[in-house]
Amino acid sequence: MASDSSKKTLSRRQFLKVGAAAATTAATLPATVASATTKQSIHYAMVIDTRRCIGCHACSVACKTEFEVPLGESRSWVEYVEKGIFPNVRRSFLPRLCNHCDEPDCVDVCPTGATYKIASNGIVDITKDICIGCGYCIQACPYGARFLNPETGTADKCNFCLHRVSEGLVPSCVNTCQGRARIFGDINDPDSEISRVLATNAVSVLRPEMGTKPNVFYIDADHTDERDAERYNTYVRIDTHRRQKRRV
Amino acid sequence: MINRRAFLKLGAISAATGLVTGSILSQARELPHQGGRGFSPTTGQRRRSVPSTCYQCVTRCPNIIYTENDRVVKVEGQPNSIRTEGVMCAKGQGAVNQVNDPDRVLYPMRRVGKRGEGKWKRVSWDEALDELAGRLKTLRDAGTPEKFMFQYGRMKASTSKLVKSVFLGTYGTGTIGNHTSICEGGKWTAHELTWGGHYDNWDFDNTRYVLNFGSNVFEAHTNHIPTSPRLVRAMAERGVKLVTFDVRLSNTAAKSDEWVPVKPGTDLAVILAMCNVVMREDLYEGPGEAFLKFVKVTRRHDATLEEKIVALKEHFAEYTPEWAEQQSGVPAVTIQRIAREFATTHPACLMTYRGAVAHYNGNEAERAAQTLAAITGNIDNPGGRCKAVGAGWSYPHGPKNKPKSRKLKIIDGPPGLAAVPTHHMSHYVMKMIKDGSWGRPDVYMTYKYTPIYANGEVAENVEILKDESLIPFYVNINPFYDESAALADLILPEPTFLERWDWEDMVSPVQIPEYYIRQPAVKPLGETRDFGDVVCDLAERMGMPLGFKSKEEFVRLSCEMTPDVKAVGGFEYMKKNGVYHVPGSKPLYYSYTKEIPAGKYVADGVIYDEDTGVYWNWKKAHHHSESEARAKGYAHTKKAFKAYVGQRIGDKVYQGFKPDALNKSGYFELYSNILEEKGHKPRPTWMAIPEHEKMGPNDLYMTTYKVGVQIHSRSANCKYLTEIYHDNPAWINPKDADKRGISDGDAIRVKSPIGEVETKARLTEAIRPGVIAISHHCGHWQYGRYASGNKSPSGVDTDPDTKRIWWQEEGRDGKGVHPNWIIANAPDPINGQQRWMDTVVQISKV
Ligand code: SF4
Ligand code: SF4
Ligand code: SF4
């Protein structure tokens, strides 16, 4: 069976225009979960319920194939945190991706405006045509979410599968998630699944002290890192499952 | 032991919220996951989609393959599948890498140098098949078709029927080897001894408690995606408790409510003690007791309920939790508590896998598990351990008159080494060929099977397969240049599973059969040809046409012949939709309670067997007369199980637990007359592992395992999977490492009675002291650049990623080690299963 190909090209220029406007206002908009009252009609976010995550990496591989991400780089990855002393040992899983922050450092430092926050939905994206590959954003991102794509020579990272989402599909990683641990949706819509989950669960974000206001929320995430190992003098092992062995 | 939800919450922000109840989380299921459409991220164009089926692992999940410009770019789960509900695992997602691997075999290749030297000549299909057909025809015409040995690894459903039943059946060889004994064949034999057929479905959707011995269902299982997400859902939404016995903290153990680190090879002791608790504390009362009507507990088949209970109590009396603590290191109180939980939380599901069964005493571990499930009333019931249900396809059987097949007796190991190796002893095939006492094949052909890498004793396998005096002609059917293909005389290139046809039938987790097909998403690359097409061609060349010309035709005919599928449009429907199940079907439980109408057992040829209570058809069992049949009896007539009609229990005749491979009765047999006659204990009984009995203070148990992102031996070429998992340092507890002066990351030597390997140490608290664990998957020396760094003879340079294999770079992780170099090929004495988990080793710092 073959489905017809319907021609539909994402207009990068259009995005760029709205994006540029958004970039200038982003810093002044206090868009938190509690008060998601921005001008955005849609505010995309993701909840990852780590209780349901079994560390299977289906999400990482789905993402890798969706975008043919070159070896050595990742838009999406799953970290393992192993800790304790036998037999009281625990391993937990922390799926990672771009946080699509409300106050993204990467947008602030981009000299060309290639990296921008899409005003209409909150996704942080990159306009490849005007990215000069300077790498400032890669340095600026406190989450190690960005990389220089060796094929395109431009900055790259998760874009919440904009090409799918704009067609009414869930992101690729959400589609395949074995544990149904990933919930994607619009937090401006109080009836959305994600809004209901956020309203009824305690959640955390990664490195809140950075002040970036992430839009990837975790239920029951284990934030242990190597520093905790020293602090508590216990066994902690972090596997990032990517080329960068240190967790950021 | 450990309440995993209650401890070590350091760093977990929301620990206080604990488990959120179903109302919110269950919404996740209603979320549209909106599969079935795909778009290019660069052009936004809609991708072409083809409903097909994954074959990375034997689970065979229905999928949707997306292509752009005739190139496979993405794979997704099939949202309409009742088995998978549209999700896929990492391996399934990585399927893209199989079809696009730059190191595929693209055309037939004939060896030109010495065997294994790596010198090849490209030949045409005509040349290759003329030679092969010539050799096979000569053997057949000489009346020795058995000298053509065929051995397969992954061959199921339509390919199995076409190749094995039709092609090899028409040709006349019975020298057909498989690979099941290195997988989980032993578990199946234990099933055939107890409930007749093989395979157990774990009904997580309806269960209230899950007890797991040695399964890593969250990472690897023969029915992985249909089960793993269902278990997550049961735990997250219904608070179902999962308790896992394992020697190491697998991801399954990590997600369990309780991990019990049991001593390797002693799951049997724990399960026997749980049976002890159930019988001693009368916890069988209720569903267990009711089920006993269908259970055979004594030599006699007609024992009363009271007699059965007495016999069970007596049998298990010696296996106290205190005794089991001595064997297993698991505290008696823990065994007792879990046994009580399991027995009193009905329905409860008992899972087992290789951690429990790939041992010297594996057959007994599985029979004991069957017992524990039986006496608690958790057999074939909603929420329990159920008899497998899969789609029943009809298919063309080929020429009517098939010769009586002849076979070399080399597939079951030496006579007597295993009592009932119903799934054969594939890990002994090489040894049998070397020995020669039972004959040797002139032509040895393997299909999706790597005798070199998949079995233990790799060095010996290499030596034998290289020796032309032992194996004169070796044909390897393969999409890839693996370690075995490298030793072939002729390589016939197979397309990957994204380029071929099949109908499929794997077990359904909801006890409702699902019909589904695999169809090509793109044309087979290069000159690759579906092996199903190749055997049709070979048959023509040998003058024995099969009645159809290709696998596609075979699949099409099967669709038209299978009533359920034909009714909705046959082949065309399946091509369009990929999957089908009869709407409104009821899940199949309690099949054993089906009554056989008198017309079936009071019928021509059907007689009653006093010894077993079985009605059987002596004519179907190929006896010459009724008196001959009665004299010989059901149990002692060769393959009488095929003539089974029903089981008399009291004044009724039931379908019962129908035999499928052995002449057992229709009871659920906890007492096996078959084993008793072979000199084994009729009831599940403790067996110590000889090697473990003799261990000294410096010895360690070595165990193997699989991870969620690799298939046993067939995925290291998948770059996205191998990027995540490419290296497998040995897991060792810091206590054991300290004693030997070993630090994390140190190079270590691991020595077993048959050899040694070098690897690195991974010091981890996630393993029981006294045990080291080395995964399968790694240490390839062929299989293309992503697996081993070695380009295949027909490899191409079109994939820029071959320049970015960062883990193989100097000073980085490397490609790991294969543990099979130091694991002996040794069978379970009852069922012949390869004992993957019994190796004893010493380790030292290099
Ligand atoms: S949303 Fe899309 S791009 Fe982002 S991690 Fe998931 S699959 Fe990758
Ligand atoms: S696919 Fe889902 S369950 Fe698997 S690792 Fe990713 S988030 Fe976790
Ligand atoms: S379990 Fe994974 S690898 Fe196996 S068939 Fe399903 S998707 Fe494919």
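Computed from a predicted structure; not experimentally measured. (Residues numbered from 1 in each chain as written. Chains lettered and ligands numbered in written order. Predicted model: local features only at pLDDT ≥ 70, side-chain atom pairs only at ≥ 80, totals over all residues. Heavy atoms only, no water.)

Peer 1: Which residues make up the site of ligand 2, and what values do they have?
Peer 2: Near ligand 2 there are 13 residues, and of these Cys53, Cys56, His57, Cys59 and Cys177 of chain A occur at the shortest range. Each residue belonging to the shell around ligand 2 can be placed in one class, and the counts come to 8 nonpolar, 4 polar and 1 charged. (Near = heavy atom within 4 Å. Nonpolar A, V, L, I, M, F, W, Y, C, P; charged D, E, K, R; others polar.)

Peer 1: Tell me what's going on with the confidence of the model for chain B, and back it up with residues and numbers.
Peer 2: Residue and element names in this part refer to chain B. Across chain B, pLDDT averages 95, with 96% of residues at or above 70. Residue range residues 1-32 is modelled with pLDDT below 50. Its contacts to residues more than four positions away, or to other chains, number 89 contacts. Here the prediction assigns the complex a pTM of 0.93, and the interface score ipTM is 0.94. (pLDDT = per-residue confidence, 0-100. Contact = heavy atoms within 4.5 Å.)

Peer 1: Residue-level account of the pairing of strand E6 (residues 148-152) of chain B, with values.
Peer 2: Residue and element names in this part refer to chain B. Extensive coverage of E6 is indicated by the burial of 5 of its 5 residues. Neither face of E6 is open: one carries Phe148, Phe150 and Tyr152, the other Met149 and Gln151, and all of them are buried. Of the pairings in the sheet, the one linking E6 to strand E15 (residues 443-447) comprises 5 bridges and is parallel in character. Looking at the pairing, Tyr152 lines up with Tyr447 of E15. In the sheet, E6 pairs with strand E7 (residues 176-177) via 2 bridges, with the strands oriented parallel. Residue Phe150 lies in a different strand from E7, and its bridge partner there is Ile176. Traced from E6 through helix H6 (residues 157-171) to E7, the parallel crossover comes out right-handed. (Buried < 20%, exposed > 50% of the residue type's maximum accessible area, 1.4 Å probe, protein only. Helix = DSSP H or I, 4+ residues; strand = E, 2+ residues; numbered from the N terminus. Pairing = 2+ DSSP bridges. Right-handed = clockwise from strand over helix to strand, strands pointing away.)

Peer 1: Before we move on, could you go through empty space enclosed by the protein and cite the residues and values that matter?
Peer 2: All names here are of chain B. Counted according to the given criterion, the structure contains 8 cavities of 30 Å³ or more. Of the pockets and cavities examined, the largest cavity occupies roughly 190 Å³. Forming the boundary of the largest cavity are 16 residues, of which Lys448, Pro479, Phe480, Arg714 and Tyr783 lie nearest the centre. Of the residues that constitute the lining of the largest cavity, the class distribution is 7 nonpolar, 5 polar and 4 charged. (1 Å grid on protein atoms, 1.4 Å probe; cavity = no way out; pocket = protein on both sides within 12 Å on 5 of 7 lines; lining within 4 Å. Points joined across faces, edges and corners; volume = space filled by probe spheres on them.)

Peer 1: Give me the lowdown on a positive patch on the surface, citing residues and values where you can.
Peer 2: All names here are of chain B. Together, Lys404, Lys407, Lys409, Lys638, Lys639 and Lys642 make up a positively charged patch on the protein surface. Within the secondary structure layout, Lys642 lies in the loop between helix H25 (626-632) and strand E23 (644-649). A relative accessible area of 56% means that Lys642 is categorised as exposed. (Patch = residues over 30% accessible without salt bridge, like charges linked within 9 Å, V, L, I, M, F, W, Y side chains within 5 Å. Areas by Shrake-Rupley, 256 points an atom, 1.4 Å probe, with all protein chains shown as cover. Salt bridge = Lys/Arg side-chain N within 4 Å of Asp/Glu carboxyl O. Lys, Arg positive; Asp, Glu negative; His and termini not counted. Charge placed at Lys NZ, Arg CZ, Asp CG, Glu CD.)

Peer 1: Which residues make up the interface of chain B and chain A, and what values do they have?
Peer 2: It is common to give the size of an interface as the accessible area that goes away when the parts come together. If you look at the interface, chain B gives 97 residues, while chain A gives 85 residues. Here chain B and chain A share an interface that buries about 7600 Å² over both sides, 54% of which is from carbon and sulfur atoms. At the surface where chain B touches chain A, the tally comes to 11 salt bridges. The shortest N-O distance in the salt bridge between Arg804 of chain B and Glu151 of chain A comes to 2.3 Å. Our enumeration of links across chain B and chain A arrives at 29 residue pairs in polar contact (both at pLDDT 80 or more). At 8 residues, helix H8 (residues 224-238) of chain B tops the list of elements feeding residues into the side of chain B that touches chain A. Looking at the side of chain B that touches chain A, its residues break down into 47 nonpolar, 25 polar and 25 charged. (Buried area = accessible area lost by both parts, 1.4 Å probe. Polar contact = N/O pair within 3.5 Å; in protein donor to acceptor, adjacent residues only side chain to side chain.)

Peer 1: Before we move on, can you summarise the confidence of the model for chain A with the specific residues and values?
Peer 2: Note that predicted coordinates carrying low pLDDT should not be read in detail. Of all residues in chain A, 84% have pLDDT values of 70 or greater, and the mean over the chain is 86. Confidence drops under pLDDT 50 across residues 1-38 of chain A; counting only partners more than four residues distant or on other chains, this segment forms 61 contacts.

Peer 1: Which residues make up the sheet that holds strand E9 (residues 216-219) of chain A, and what are the values?
Peer 2: Residue and element names in this part refer to chain A. Strand order across the open sheet formed by 3 strands is E8-E1-E9, with mixed pairing between neighbours. If you trace the sheet from one side to the other, it starts and ends with strand E8 (182-186) and E9, each paired once. Averaged over all adjacent pairs, the angle separating strand axes in this sheet is 20°, with direction ignored. Sheet topology note: the strand E1 (residues 44-49)/E9 ladder contains 4 bridges and is parallel. (Axes fitted to C-alpha atoms, helices over the stretch in contact; angles between N-to-C directions.)

Peer 1: Would you mind going over the environment of Ala58 of chain A in detail, with residue names and values included?
Peer 2: Tracing the backbone through its elements, the reader meets Ala58 of chain A in helix H2 (residues 58-67). For Ala58 of chain A, a relative accessible area of 0% gives the class buried. Taking the C-alpha atoms as reference, Ala58 of chain A lies 9.4 Å from Val78 of chain A; in sequence the two are 20 residues apart. Discounting chain neighbours no more than four positions away, the residues touching Ala58 of chain A are Thr176 of chain A together with Met88, Cys89, Ala90 and Gln93 of chain B.

Peer 1: Would you mind going over the pattern of salt bridges in detail, with residue names and values included?
Peer 2: Residue and element names in this part refer to chain A. The tally for this structure, following the rule as stated, stands at 93 salt bridges over all chains. In this structure, Asp156 and Lys128 form a salt bridge, with 3.8 Å as the shortest nitrogen-oxygen distance. With Asp156 in strand E7 (residues 155-156) and Lys128 in the loop between strand E5 (124-126) and helix H4 (136-140), this pair connects stretches of sequence that are 28 residues apart. For Asp156, a relative accessible area of 6% corresponds to the buried category. Among the residues examined, Lys128 registers a relative accessible area of 27% and is labelled partly exposed. Salt-bridge contacts for Glu209 lead to Arg207; the nearest nitrogen and oxygen are separated by 3.7 Å. Its relative accessible area of 33% is what places Arg207 among the partly exposed residues.

Peer 1: Can you break down helix H19 (residues 458-466) of chain B residue by residue, with the values?
Peer 2: Considered for burial, the residues of H19 of chain B that qualify are Val458, Glu460, Asn461, Val462, Ile464 and Leu465 of chain B. Against helix H17 (429-435), E15, helix H18 (451-454) and strand E16 (473-478) of chain B lie the buried residues of H19 of chain B.

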